[in-house]
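Commentary on secondary and tertiary structure
The lines below spell out each chain.
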Amino acid sequence: MISLKSVAHQYSSSQQISFKDWEIGHGSHWLLLGDSGSGKTTLLHIITGILKPTQGKVSIKDTSIYNLSSRALDQFRGRNVGIIFQRPHLIKSLTITENLVMAQSFANLPKNLQRIEEVLQSLDIAHKKNAYPNELSQGQLQRVSIARAVINKPELLIADEPTSSLDDKNAEAVLKLLMEQSALNEATLIVATHDKRVKDAFTNTYELT
Amino acid sequence: MSPLKISWKSLWSKPLSSALNILLVAFGTGILALLLLASKQIGDKLDNNSKDIDLVVGAKGSPLQLILSSIYYIDFPTGNIPLKEAKELARSPFVKRAVPLALGDNYNGMRIVGTDTNFISLYKLKVQSGQFWSGDFQTTIGAEVARTQSLKIGDTFYGAHGLSGSRDVHKHHAYVVSGILEPQGNVTDNLILTNIASIWKMHSDEEEHAKADHDHEGHELEADHNHKTEEAADSEEGKELTSLLIQYRSPMSVAIFPRMVNETTNMQAASPAQESTRLFSLIGVGVDTLQWFAVLIMLIAAVSVFVNLYNSLKERNYDLAIMRTLGASRGKLFVIIIAEGIILTLIGTLLGLALGHVVLEVIGSYQESNQARLTGMVLLSDEIYLFLAGIGIGIFAAVIPALQAYRSNISSILSKN
């Protein structure tokens, strides 16, 4: 369970955004809709524990995350939140497997190659596990970044504009993967987008105005 | 995956700029290590060999040359001094001990030194096997001579005229090895010691022989000849020494004795301490220049490591932010960046130290003189400071980029893209 209570963030002395309260049930799928500039990224950063809001409370699994120390919050995020960015950002100096091992070790979890193999299998890119990021296509990289987000079986899987730079066919495929993976890993899924093509797949919508 | 491995892989992903940084650090450390090793060894050798000698008396000429030839056995002697005058000086009340030296011959580059038992007590020599020379043409050889020339007790060899080279061999008298010295760690390891009479006989015989061969065309005059040389050896007239090593009876002598020698006799007195200092101050300018040069290279290396990390940080800002979202703490990012700096300079420093040793060993193997040979096969405790300095430079160069990584605001980095 994830909840936002009376969260507001002040960018500067004049600019403030307030967000309506939000209750997200375990395992549910949500669409976060909003035009660019509506504070979508800000809200995502607040939910994932990257940006501390000037007021309000965010809880994930009954933990009020901004009451944690900086170090504990980093680790909590590593264990419980998987983030998929608009563009897949992998560490170029590490192989695919090493990128995933790094995600495990940053979350203070033991190295588990079996889990990595399993996730890569499920995303159909296990054959690239020893390749470096620059040897992969954009679509393959996107799948690796999904693998990295789910590797630690997070409570919350968040995707920021995962489809905006893709054509219809690929957008649909990525969406399908996200649904599949969140179900497989029993994660709550939030997809933030302004992409109208995605709308139909979701029943729950949180709209920013 | 440890932060160290991430740093390591990140450096490997840019092999050229990493190699450049390592090279700069290695050159700086290498030159410093070389200077450290060489000046330490030269200084030690100078001190070790002259430590109990207050003054050297020899023929007039360059005092530095006199010191070099009579204490370090490197240069040519300045000439000879009359035995009679030398003996008078040795009896002077200012002198506690006077060691006569007669040089002029060598065996395969190892100098043959004619002297007496004072030499043994001056250098506190001990024999490893056999005994000290007692009769004519008996020798006691240094440990290094025994090793390099594979000479054993009872072996015989022929001396050659001059200080190096073996063209002009004294064929009619062979030296016998009667003892081998314990390794002393000073110049005596490379010397062949015998009595002074042997040196005189070697040379007077030479003349006699030449004369005899010339005058009598191969007639044997063995008995007569022997008689003559013995007679010659007994009288002091016409006999000469190369130099006299002197220990003072009291510190007072410093003020009076050298001046007395220089003003009232045909000989000169030179102080090893003074001449060594003069020699060192001549070399010292060069050493200082090189040292500053090496320090400059180290500074450039530090700047280069800094620029390298700083630039790569700009490219990797986003990577580091991603690591934070994956659960890495600020501290971990700090460690990753600092580790990169340390890895670069650590490899560079180790390479540099190795380089310094190898280069000095190579220089040593090209040196002609055995007495002053330098070697890279020793480790000095001072090298630890070079090592620490290298790592310090790594930390120094990496600390600003690392702090930046520590402080970075991941939310603003992530939302920019």
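Residues numbered from 1 in each chain as written. Chains lettered and ligands numbered in written order. Predicted model: local features only at pLDDT ≥ 70, side-chain atom pairs only at ≥ 80, totals over all residues.

So, the sheet that holds strand β10 (residues 204-207) of chain A
Residues and elements named next belong to chain A. Strand order in this open sheet of five strands is β7-β8-β9-β4-β10, and the pairing throughout is parallel. The open sheet has two edge strands, β7 (81-84) and β10, and neither has a second partner. Across the sheet, the axes of successive neighbouring strands diverge by a mean angle of 20 degrees, strand direction being ignored. Each of β4 (29-33), β8 (156-160) and β9 (188-193) is contacted by helix α1 (residues 40-47), which is oriented at about 160 degrees to β8, the strand it contacts most. Contacts between helix α6 (residues 168-184) and the sheet are confined to β4, β8 and β9, with β9 contributing the most and set at about 155 degrees to the helix. (Pairing = 2+ DSSP bridges. Helix = DSSP H or I, 4+ residues; strand = E, 2+ residues; numbered from the N terminus. Axes fitted to C-alpha atoms, helices over the stretch in contact; angles between N-to-C directions. Contact = placed C-beta atoms within 7 Å.)

What to know about the interface of chain B and chain A
Across the contact, 22 residues belong to chain B and 26 residues belong to chain A. Among the elements that make up the side of chain B that touches chain A, the one with the highest residue count is helix α10 (residues 272-325) of chain B (six residues). When the residues that make up the side of chain B that touches chain A are grouped by side-chain class, the tally is ten nonpolar, eight polar and four charged. (Nonpolar A, V, L, I, M, F, W, Y, C, P; charged D, E, K, R; others polar.)

A look at the pairing of strand β4 (residues 110-115) of chain B
Residues and elements named next belong to chain B. For β4, the tally of buried residues reaches six of six residues, placing the bulk of the element in the interior. Residues of β4 alternate between two faces, with M110, I112 and G114 on one and R111, V113 and T115 on the opposite face, all of them buried. The hairpin turn running from strand β3 (residues 95-107) into β4, its antiparallel successor, is two residues long, and N108 in that turn takes a positive phi close to 50 degrees. Here β4 pairs with strand β10 (residues 191-195) via five bridges, running parallel. Counterpart to G114 in the pairing with β10 is T194. (Buried ≥ 20, exposed ≤ 12 C-beta atoms within 10 Å, placed from the backbone.)

Considering α1 of chain A
Counting buried positions along α1 of chain A yields eight of eight residues, so the element is predominantly enclosed. Inspection of α1 of chain A places K40, T41, T42, L43, L44, H45, I46 and I47 of chain A among the buried residues, and these make up the whole buried set.

Re the nonpolar core
With 106 residues, the main nonpolar core has I158 and V191 of chain A together with I337 of chain B as its most contacted residues. For V191 of chain A, the residues in contact, after removing those within four places along its chain, are L31, L32, A159, P162, L178 and V198 of chain A. Listed in part, the 52 residues of the second largest apolar core include V56, L193, I199 and L241 of chain B. (Core = buried A, V, L, I, M, F, W, Y, C linked by C-beta atoms within 7 Å.)

Structural notes on the pairing of strand β9 (residues 175-181) of chain B
Residue and element names in this part refer to chain B. A large share of β9 lies buried, amounting to six of its seven residues. Two elements, strand β5 (residues 127-130) and β9, share three bridges in a ladder whose sense is antiparallel. Each bridged residue has a counterpart across the sheet, and for G130 the counterpart in β9 is G179. In this structure, strand β6 (residues 138-141) lies alongside β9, joined through four bridges in parallel fashion. Within β9, the residue paired with I141 across the bridge is I180. Here two bridges tie strand β7 (residues 156-157) to β9, and the two strands are oriented antiparallel to one another. If you follow T156 over to β9, its bridge partner there is V176.

Looking at the confidence of the model for chain B
All names here are of chain B. In the predicted model, chain B carries a mean pLDDT of 85, and 90% of its residues have values of at least 70. No element of chain B has a lower mean pLDDT than helix α8 (residues 222-234), which averages 45, and none a higher one than helix α11 (residues 330-366), which averages 93. With pLDDT under 50 throughout, residues 215-233 is counted as low confidence; its partners more than four residues away or in other chains account for 14 contacts. This prediction of the complex comes with two scores: 0.75 for pTM and 0.91 for ipTM. (pLDDT = per-residue confidence, 0-100.)

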